[in-house]
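What follows is each chain in one-letter form.
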Amino acid sequence: MKFKEALEHALNGNAIMFAGAGYSSGAINLKNRKFKRGKELAEYFSKACNLPNDTFLDDATDSYIEEFGADALIKEIQDEFTVKKLPPYYEKLAHIPWKRIYTTNYDNVLELSWNSASKILTPITLTSDIYKIPKENLCIHLNGFIDRLDRDSIQSELKLTESSYLTASLVDSEWMSMFRHDIQYSSAVFFLGYSLYDLDINRILFNTEELYEKCFFVIGNNPDVITLKRVKRFGTPVKKDIESFSKDVSNLQKSFTPTTLDEPIFLSITEFNPTLNPLPITDQDFLNLMLYGEIKNELLIESLRTDKRYILQRDSSDEVFKFFNNNHNICLISSELGNGKSIFLKNINYLALKKKYRVFNIKERNDESIFEFANLLKLKGKILITIDGYQDWLDQIKYFSLNAPQDKFLFLTARNALHDVLYDDLVNNTGKDFLPEIQIDNLTENEIAWFVEAFDEYGLWGDKASNTYLQKSKYLQFDCQGQIHAILLKYLNSPNISNRLRRLYNNIKDHPNYYEVALSIFILTTIDLGPTIDTLVDLWGPERLSQIRSNKNSPLREIVNFERNSISVKSSIVGEYFLRNIADVAIIVRVLLKIVDRIHELSKSSVKYHSFFVNLMKFSNVQQILPEEGRKAGIMKYYESIKTLYKCRNHPLFWLQYAIASIVIKDLYRAEKYFNSAYSYAEERHWDTFQIDNHYARYLLVMAIEEIKEPEEAMENFRRARNIITRQMANERLHYPYRVASLYQPFFDKFAITLSKHDKNLVKDTAKTVLERINALPEYRRQGRNIRECKLAIESILRY
């Protein structure tokens, strides 16, 4: 990008300013002098305290406070960095509509120059709550701000220290994501008077070709060789001072006409508009799809357009548009991992395009996407917005429900576990009585037939190739539970494919510099936490990510896509297979603990990472990523290791998860202690005990089945569990109480012979009540796996 083009982006309001110490070099302070730089300030304080001239600024500052007091330091800093006079060129820079401004300066040069231009600039420091501040007309003072000083902030907020301390403060703060997103989603970035010593930029920015192209460093008329060399690593050096830069802006403004667009530009939201070119689908293409999850979008479109076997078009895809036509402008699908949720979404994208919708896909939640989401509703014509994983978008879904015109539609997806937890919140945010939903885990007869014929066509049946059509169909229906996830896992477990995947995994493992990063990608993908470049940088640092991304021959690239600003596993099932069938449990737990420790720190100031931490605490997720061999020991080591973390030790959710883990490893007496802890902390926090109650009812039944021998004592557990389950069935729309009620059958099988007639009738009457409730459920709920299994268990009791 040329300098003039970058300036035009700034005048169009699409650029970020980063002001360093050199930016304020033209200002005059209350002492009628120019501002001191860091070294000069250190020498000034050192001289006042009779210290050597080379004393570091933080040490000199501490000594100054000890000798003269905090009030004296505040006055010195205010006199030194409060503006008395500014040259007129600063006001000209205030007329640029910057998207956001960052500065390492303490002074009020920026705010005063904006005021002179009759504009408001709001100063923000790192102690401000990032979630409560306005998002426009901001100047973020990374080192602290002169007008915010008092005896507390002079040492906590104002960074009178070396650059490495400031860098660490920023990296560990919630402002890091905003800073990266601002730079990522801007068209140009101007570092004005920035010496490259104010911050260790290499630790903060993940250096990419895209970033390099849009970064410009205004470094003065005569920069030294070292500064020039360092700047060239990150962008284009501009040998101008701030006054000259201001003149360039003024000259361009005279002839510049702001770009006017018929509709908004979308950076964090993509429009689905594929090229329709006829292409052959080869055997290797289908093999790569099955083996590595390598989806070629052009072949996907060709398959949907022509019915060539590459992507399965689900029978229920037309149901989505029936919902839309029947005045439901929001609908959703849910599934377990690897059962075709993302491909179903691509299917809907294509069908919507055929039906004359414009289709937009949400990519990532950030400040830009929030505004862009609102802009989508202003477009003319039928618009379909899709969100793959709606859990982070509840506020925007509510905005859609309140503001969307009749020709705007929203299609959502989610994993079953998340959807179960969030459904009520989702419905509340839409203001509707219910939302139409489609559960796509179970394949229909037509869909199973498609897999039989596809495996025939591409020769993937192996030793089952000679089986009859009926045998193959039954194999998929029963051995694979009629689910895509199980079909693919069976395929991956075949000897040839398993050996190939093992070789690939070992090649990745042979690169220790990024082996842990690779495992973290598989872990986060398997539990649906969608690793992004920013997330991995936060976890492992930019250097390790740079090593992986720059290695074009890395074996990891066979299964992981490294795109411009994102990262994704081509096949979530392959990632899960690596973890559960090849990787060593001790290594997975070690990496998982490193991830948790880092996310625990980040979660203290980040809503995103708080959500991550809660998910990593959950037993169901931990169990999902650990191999069968060594799983029990790995689970207990994990929970024993994290129990002292701040967000765990007094939290009812943690002790509930620890109790669930103890039930699974059959340490039931230990589980009881953890349930007691969970209830105690829940009472202290006024925490809803629904989840604890549900799992405690399960514990009572498992304890009776596994440990108790006397029927009278077992019935006491049954009654307590029944009271919980019956209450939850009356108030809960989801499957949780029915899943626990399935345990009535093994309880009855064990004790039926020894129970009194009264107690036997009590169990049967309870079973009848459960069956009545199941039969009264809507059809779509009765089809859920847990409801179906509960019905079979209850019917078994009633047949006794």
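Keep in mind that this is a model prediction, so the values were computed, not measured.

A. Focus on a negative patch on the surface. Residues Asp59, Asp62, Glu66 and Glu67 make up a contiguous surface patch of negative charge. Residue class for Glu66 comes out exposed when judged on its relative accessible area of 69%.

B. Representation of the sheet that holds strand S12 (residues 358-362) in the model. Pairing is mixed in the open sheet, where 6 strands are placed in the order S10-S12-S13-S14-S11-S15. Of all strands in the sheet, those with a lone pairing partner are strand S10 (269-272) and strand S15 (437-439), marking the two edges. On average, adjacent strands in this sheet sit at an angle of 20° to one another, irrespective of strand direction. Of the pairings in the sheet, the one linking S10 to S12 comprises 4 bridges and is antiparallel in character.

C. Molecular detail of the packing of aromatic side chains. As enumerated under the stated definition, the model contains 54 aromatic pairs in all. Summarising the aromatic geometry, the rings of Tyr505 and Phe578 are spaced 5.4 Å apart at their centres and angled 50° between planes, so their arrangement reads as tilted. Highlighted residues: Tyr505 in helix H24 (residues 495-509) and Phe578 in helix H28 (residues 572-582), separated in sequence by 73 residues. Assigned by exposure class, Tyr505 and Phe578 land together as buried. Of the aromatic side chains, those joined through ring pairs into one cluster are Phe286, Trp450, Phe451, Phe455, Tyr458, Trp461, Tyr475 and Tyr491. Taking the ring centre of Tyr44 as reference, the NZ or CZ of Lys36 above it sits at 4.5 Å. Of note, Lys382 hangs over the ring of Tyr357, and the distance from its end group to the ring centre comes to 4.1 Å.

D. Fine view of the pattern of salt bridges. As enumerated under the stated definition, the model contains 30 salt bridges in all. With a closest N to O distance of 3.5 Å, Glu576 and Arg580 form a salt bridge. Of this pair, Glu576 and Arg580 both sit in helix H28, separated by 4 residues, roughly a single helical turn. A salt bridge links Glu601 to Lys604, with the nearest nitrogen and oxygen atoms 3.2 Å apart. On the basis of relative accessible area, Glu601 is assigned to the partly exposed category, the value being 41%. Within the structure, one salt-bridge network assembled from shared partners comprises Lys31, Lys36, Glu76 and Glu80.

E. Broad picture of the environment of Ser620. Note on placement: Ser620 falls in helix H31 (residues 619-625). Among the residues examined, Ser620 registers a relative accessible area of 44% and is labelled partly exposed. Distance from Ser620 to Leu539, taken between C-alpha atoms, is 22 Å for residues 81 residues apart in sequence.

F. Highlighting the packing of H24 against H28. It is at 11 Å that the axes of H24 and H28 come closest, and there the two elements cross at 85°. With respect to their mutual orientation, H24 and H28 come out roughly perpendicular. Each of Ser498, Leu501, Arg502, Leu504 and Tyr505 in H24 lies in contact with H28, whose residues at this interface are Val574, Tyr577, Phe578, Asn581 and Ile582. Residue composition of the contact of H24 with H28, grouped by class: 7 nonpolar, 2 polar and 1 charged.

G. Seen up close, the nonpolar core. Within the largest apolar cluster, 170 residues are counted, with the highest numbers of intra-cluster contacts made by Phe411, Phe522, Leu556, Tyr639 and Phe747. Among the elements that line this core, the one with the most residues is helix H29 (residues 585-603), at 11 residues. With residues up to four places along the chain from it excluded, the contact list for Phe522 reads Ile508, Leu556, Ile559, Val560, Val569, Gly575, Phe578 and Leu579. In this structure, Leu41, Leu93, Ile101 and Phe245 belong to the second largest nonpolar core, which totals 55 residues.

H. Inspection of helix H39 (residues 744-751) at higher detail. Every buried residue belonging to H39 is among Tyr744, Phe747, Phe748 and Phe751, and all of these are buried. Projected onto a plane normal to the axis of H39, the buried residues spread over an arc of 95° and lie on a single side. Those residues of H39 that are buried lie in contact with helix H36 (690-706), helix H37 (711-731), helix H38 (736-741), helix H40 (757-775) and helix H42 (785-798).

Cut-off values and rules
- Residues numbered from 1 in each chain as written.
- Predicted model: local features only at pLDDT ≥ 70, side-chain atom pairs only at ≥ 80, totals over all residues.
- Heavy atoms only, no water.
- Patch = residues over 30% accessible without salt bridge, like charges linked within 9 Å, V, L, I, M, F, W, Y side chains within 5 Å.
- Areas by Shrake-Rupley, 256 points an atom, 1.4 Å probe, with all protein chains shown as cover.
- Salt bridge = Lys/Arg side-chain N within 4 Å of Asp/Glu carboxyl O.
- Lys, Arg positive; Asp, Glu negative; His and termini not counted.
- Charge placed at Lys NZ, Arg CZ, Asp CG, Glu CD.
- Buried < 20%, exposed > 50% of the residue type's maximum accessible area, 1.4 Å probe, protein only.
- Pairing = 2+ DSSP bridges.
- Helix = DSSP H or I, 4+ residues; strand = E, 2+ residues; numbered from the N terminus.
- Axes fitted to C-alpha atoms, helices over the stretch in contact; angles between N-to-C directions.
- Phe/Tyr/Trp six-rings, centres within 6.5 Å; stacked < 30°, edge-to-face > 60°.
- Lys NZ or Arg CZ within 6 Å of the ring centre and 35° of its normal.
- Parallel < 35°, antiparallel > 145°, perpendicular 65-115°, else oblique.
- Contact = heavy atoms within 4.5 Å.
- Nonpolar A, V, L, I, M, F, W, Y, C, P; charged D, E, K, R; others polar.
- Core = buried A, V, L, I, M, F, W, Y, C linked by side-chain atoms within 4.5 Å.
- Arc of directions from axis to C-beta.

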